[in-house]
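# A closer look at the structure
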Amino acid sequence: MSITTAAHDPSGPSGHLPSFAREARLRLAEWQLALPLSLAFAALFLAPLLLLVATSFFNDDKITQPGFASWAKFFGDPFNYKVIFDTLLLGLKTVCATVVVGYPLALVYMDLSPRLQKVLLFIIVMPMLLSVVVRTFAWIVVLGREGVVNQTLLWLGLISEPLRLLQTELGLVISLTQIEMPLMLLPLISVMSRLDPNLRDASAALGASRWRTLFTVIVPLSMPGLVAGCLLVFASSTTAFISQTVIGGVRLIYLPLLIWQQSLVVYNWPLAAVASLSLVVSVLTVIAALSYLGRRSSRHLHG
Amino acid sequence: MQALAPASPQVAPAGRTLDVDNLTVRYGSAVAVDGVSLAIEPGEVVALLGPSGCGKTTLLRVIAGFVRQAGGRVLVDGTGIDHLPANQRNVGIVFQNYALFPHMTVTENVAYGLRARGQRGAAVDQRVERMLDMVQLGAFRERLPRQLSGGQQQRVALARALAVEPSILLLDEPFAALDRNLRLDMQIEVKRLQRQLGLTTILVTHDQDEAMSVADRIAVMNKGTVEQFDTPVAIYDRPKTLFVNGFIGTTNLLPGKVMAVVGDTATVALDAGATVRLPAQGIAAGSSVILSVRPEQLVLSPVATADSWPIEPGLSLPLGSQLVHEARAAGGTALKIVEPRRRSASETQRRFCALTPDARPSLFPRSTHPATE
Ligand SMILES: Nc1ncnc2c1ncn2[C@@H]1O[C@H](COP(=O)(O)OP(=O)(O)OP(=O)(O)O)[C@@H](O)[C@H]1O
Ligand SMILES: [Mg+2]
């Protein structure tokens, strides 16, 4: 917006207002456009967050005595550290798995004909079109003792008795990988399809092998998409309450489950608030670190 | 690639022959290149000239190894290279959009091919230095491509392609994005480098003036085939087909009929209303022909003669040192006449048009629907 207006106003003395005043008015106009969203954002996001912060500074579950006891209690218990650590680790494992599966898939996508690309894209987006609950229960069918995976492995004679996949972290990571895959692939594909196809040919003409081209040209240039995908998958898998509890079961405890227990089972809202805030802060810390690395790797695109 | 690349960076590589032999390329059922043959001499610059979509880029992509042909062969120094993947052909290519690696500096871009060949250390630095000096970009080594102007990017692309001492250089409309002055500079630059290195070069272009000035020979392409492969002068003066004739330079097309052929001289009655005598081969008396005359091969005169025809004078536009007249002959045929700008005589007086004494117009048989003309 400011760009178009700047084009009409080549800093000449064409108007009556000094340029800084015009600019200020312009900013105001931009703000007016953004106002409805800002208000909704404040009402639906900022206010509850502040409420959460406020709630965490009470000592008892009736929310009557202000104090730091909830914080002290939460961070005094080594078990909670383990839960935070496990949650972040689950996110990292899922991110790794989606990268390992998703990146080659994105490369394959780039080489397909437009028609096959549409088919693949539909398959990729499919998980997003289904309800989380449906997806998750489908995975129970797949991973269960009598499930598809075990039946196949037994039939092939690779195992003699069914593997335990449900209620293990492995099973959870496998299913989260599928469930979160669109979040990895969509940004990756959108960045990759904007790459100049001549770059690959230019690299080959200069004598580079396919692997060299992949690691020196394609991977560095698709970094913004990769980082965006990692951020989305990380944020989404660390907070995937339904999948975590239904597939992981109650023996695998992650922060979302802990929050649910404290708020809706034990009704200790201050403690639930502390757990929620630690989830938000720890996830945001990892995301900030990732996006810092991402921005460094895409220096060639801006600034 | 090692086999083709001379090791010593001091000696300019001797040019190689490039033979394209009956090459055919299909995309699905569409034929993009249809039986093209070109025999290119060592150190020669050949321009591929033709309208959009005629298969110029496709031909380059086959030579570089990015696209597989449906039939035919590509030979360098008499040896087939069709079985080699692109990264082992040692063919340098400059893309129309340069295709510089956007995340690498100028230095890294130029060093890319050397590194890919496993070269390391001071040798690479020296070579990059030399290439950047050659294209006069020494001061820009640490810039990223997006911090360079179009012409500078083009020179980086050239330096990158030449750094690995390719045996063949392919240029795909490398000057299309440049403004006129810069384009002229770069044409001279490329020609100089190519001479210096003795590089066999193919230059794709839309621009006939560029083809005329840079190339030793021009291949005029149309719909996947080569219509004529000859020197610029021959193509301009003796076009083999009506297509080449129309594509190169401006021309006037005058329909007529061959009245008599005596020895090598044909007498042609033009529909515009004049009888002219021309040297002609392989034309039978009685056949309908089209006479193609360059604008500078026509003159205007105030008096009627047997070999001039009446015209309706139109606009006259000065074009540099020349004057371009527009006119209409009988039957509405539009004519363009170019003459040096010296006369100031009133144009309206000169109502007759004739061939200059030294004019060598081309005759083409008129096969398409003479009734409608
Ligand atoms: N990847 C492709 N798939 C299908 N058809 C293609 C492909 N690339 C080119 N073609 C077709 O092949 C023909 C030749 O294309 P080519 O790019 O070689 O033309 P060109 O002479 O370079 O044209 P221009 O001057 O516009 O660059 C065109 O008809 C084009 O539509
Ligand atoms: Mg082209």
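Scoring rules and cut-offs
- Residues numbered from 1 in each chain as written.
- Chains lettered and ligands numbered in written order.
- Predicted model: local features only at pLDDT ≥ 70, side-chain atom pairs only at ≥ 80, totals over all residues.
- Heavy atoms only, no water.
- 1 Å grid on protein atoms, 1.4 Å probe; cavity = no way out; pocket = protein on both sides within 12 Å on 5 of 7 lines; lining within 4 Å.
- Points joined across faces, edges and corners; volume = space filled by probe spheres on them.
- Helix = DSSP H or I, 4+ residues; strand = E, 2+ residues; numbered from the N terminus.
- Core = buried A, V, L, I, M, F, W, Y, C linked by side-chain atoms within 4.5 Å.
- Buried < 20%, exposed > 50% of the residue type's maximum accessible area, 1.4 Å probe, protein only.
- Contact = heavy atoms within 4.5 Å.
- Near = heavy atom within 4 Å.
- Polar contact = N/O pair within 3.5 Å; in protein donor to acceptor, adjacent residues only side chain to side chain.
- Areas by Shrake-Rupley, 256 points an atom, 1.4 Å probe, with all protein chains shown as cover.
- Nonpolar A, V, L, I, M, F, W, Y, C, P; charged D, E, K, R; others polar.
- Patch = residues over 30% accessible without salt bridge, like charges linked within 9 Å, V, L, I, M, F, W, Y side chains within 5 Å.
- Salt bridge = Lys/Arg side-chain N within 4 Å of Asp/Glu carboxyl O.
- Lys, Arg positive; Asp, Glu negative; His and termini not counted.
- Pairing = 2+ DSSP bridges.
- Domains from an automatic or database assignment.
- Buried area = accessible area lost by both parts, 1.4 Å probe.
- Axes fitted to C-alpha atoms, helices over the stretch in contact; angles between N-to-C directions.

Attention shifts here to empty space enclosed by the protein. Residue and element names in this part refer to chain B. Applying the stated criterion to the full structure yields four cavities of 30 Å³ or more. The computed volume of the largest cavity comes to approximately 70 Å³. Residue lining of the largest cavity: 11 residues in total, with Leu 300, Pro 313, Gly 314, His 325 and Glu 326 positioned closest to the centre. If you tally residues by element for the lining of the largest cavity, the top one is strand β16 (residues 308-319), at four residues.

Moving on, we get to the nonpolar core. Counting 82 residues, the largest nonpolar core has Leu 38, Leu 48, Leu 59, Leu 162 and Leu 170 of chain B as the members making the most contacts within it. Among all residues touching Leu 48 of chain B, those that are not within four sequence positions of it are Leu 38, Lys 56, Leu 59, Leu 60, Ile 202, Leu 203, Val 204, Thr 205, Ala 219 and Met 221 of chain B. Listed in part, the 36 residues of the second largest apolar core include Ile 124, Met 181, Leu 188 and Leu 279 of chain A.

Next up on the list: the site of ligand 1. Residues and elements named next belong to chain B. Contacts to ligand 1 come from Tyr 27, Ala 32, Ser 52, Gly 53, Cys 54, Gly 55, Lys 56, Thr 57, Thr 58, Glu 173 and His 206. Within the backbone of Cys 54, one N or O atom sits 3.2 Å away from an oxygen atom of ligand 1. Here an oxygen atom of ligand 1 sits 2.6 Å away from a polar atom, N or O, in the side chain of Thr 57. Relative to its unbound accessible surface of 630 Å², ligand 1 loses 55% to contact with the protein. No other element matches the three residues that helix α1 (residues 56-64) contributes to the shell around ligand 1. When grouped by side-chain class, the residues that make up the shell around ligand 1 number three nonpolar, six polar and two charged.

All names here are of chain A. Together, Leu 116, Val 119, Phe 122, Ile 123, Met 126, Leu 129, Leu 130 and Val 134 make up an exposed nonpolar region whose accessible area comes to about 760 Å². Top contributing element to the nonpolar patch by residue count: helix α5 (residues 114-129), with six residues. Counting through the fold element by element, Val 119 comes out in helix α5.

This model, assessed by the stated rule, comprises 13 salt bridges over all chains. We note a salt bridge from Lys 62 of chain A to Asp 61 of chain A, for which the minimum N-O separation is 3.7 Å. A residue is classified by how much of its surface remains accessible, and Lys 62 of chain A, at 65% relative accessible area, is exposed. A residue is classified by how much of its surface remains accessible, and Asp 61 of chain A, at 38% relative accessible area, is partly exposed. Between Arg 360 of chain B and Asp 237 of chain B there is a salt bridge, and its shortest N-O distance comes to 3.5 Å. Placement of the pair is Arg 360 of chain B in the loop between β19 (352-355) and β20 (362-365) and Asp 237 of chain B in helix α7 (residues 232-237), with a sequence separation of 123 residues. By relative accessible area, Arg 360 of chain B is classed as partly exposed at 49%.

This next bit is on the side chain of Arg 155 of chain B. Residue and element names in this part refer to chain B. Relative to the assigned elements, Arg 155 resides in helix α4 (residues 150-163). No salt bridge is formed by the buried Arg 155, whose closest oppositely charged neighbour, Glu 189, lies at an N-O distance of 5.4 Å. Among the polar contacts made by the side chain of Arg 155, one reaches the main-chain carbonyl oxygen of Val 135 at a distance of 3.2 Å. Ignoring anything within four residues of it in the chain, the contact list for Arg 155 reads Val 135, Gln 136, Leu 137 and Met 186.

Attention now goes to the pairing of strand β15 (residues 298-301) of chain B. Residues and elements named next belong to chain B. Side chains Leu 298 and Leu 300 project from β15 onto a buried face, and the interleaved Val 299 and Ser 301 project onto a face without burial. Taken together, the four bridges between β15 and β19 define a ladder with antiparallel strand orientation. Looking across to β19, one finds that Val 299 is bridged to Ala 354.

The next subject is the domain arrangement of chain B. Residues and elements named next belong to chain B. Split into domains, chain B comes out as domain 1 (18-244) and domain 2 (250-372). One C-alpha centre belongs to domain 1, the other to domain 2; they are set 39 Å apart. Contacts between the two partners involve eight residues from domain 1 and, on the opposite side, seven residues from domain 2. Both sides of the domain 1 and domain 2 interface together cover about 660 Å² of buried area, and 49% of this is carbon and sulfur. The tally of links between domain 1 and domain 2 comes to one salt bridge. In terms of residues, the side of domain 1 that touches domain 2 owes the most to one element, α7, which gives three residues.

Residues and elements named next belong to chain B. Burial analysis of strand β14 (residues 288-293) places five of its six residues in the buried class, the great majority of the element. Pairing between strand β11 (residues 252-262) and β14: six bridges, direction antiparallel. Paired with Lys 257 across the bridge in β14 is Ser 288. Pairing of β14 with β20 involves four bridges; the strand directions are antiparallel. Along β20, the bridge assignment pairs Val 289 with Pro 365.

Residues and elements named next belong to chain B. As summarised here, the arrangement of the six strands in space is β6-β7-β8-β3-β9-β10, forming an open sheet in which the pairing is mixed. Two strands in the sheet have a free side with no partner beyond their single neighbour: β6 (91-94) and β10 (225-230). With direction set aside, neighbouring strand axes in the sheet form an average angle of 20°. Relative to strand β8 (residues 200-205), strand β7 (residues 168-172) is paired through five bridges, and the arrangement is parallel. Paired with Leu 169 across the strands is Thr 201, a residue of β8.

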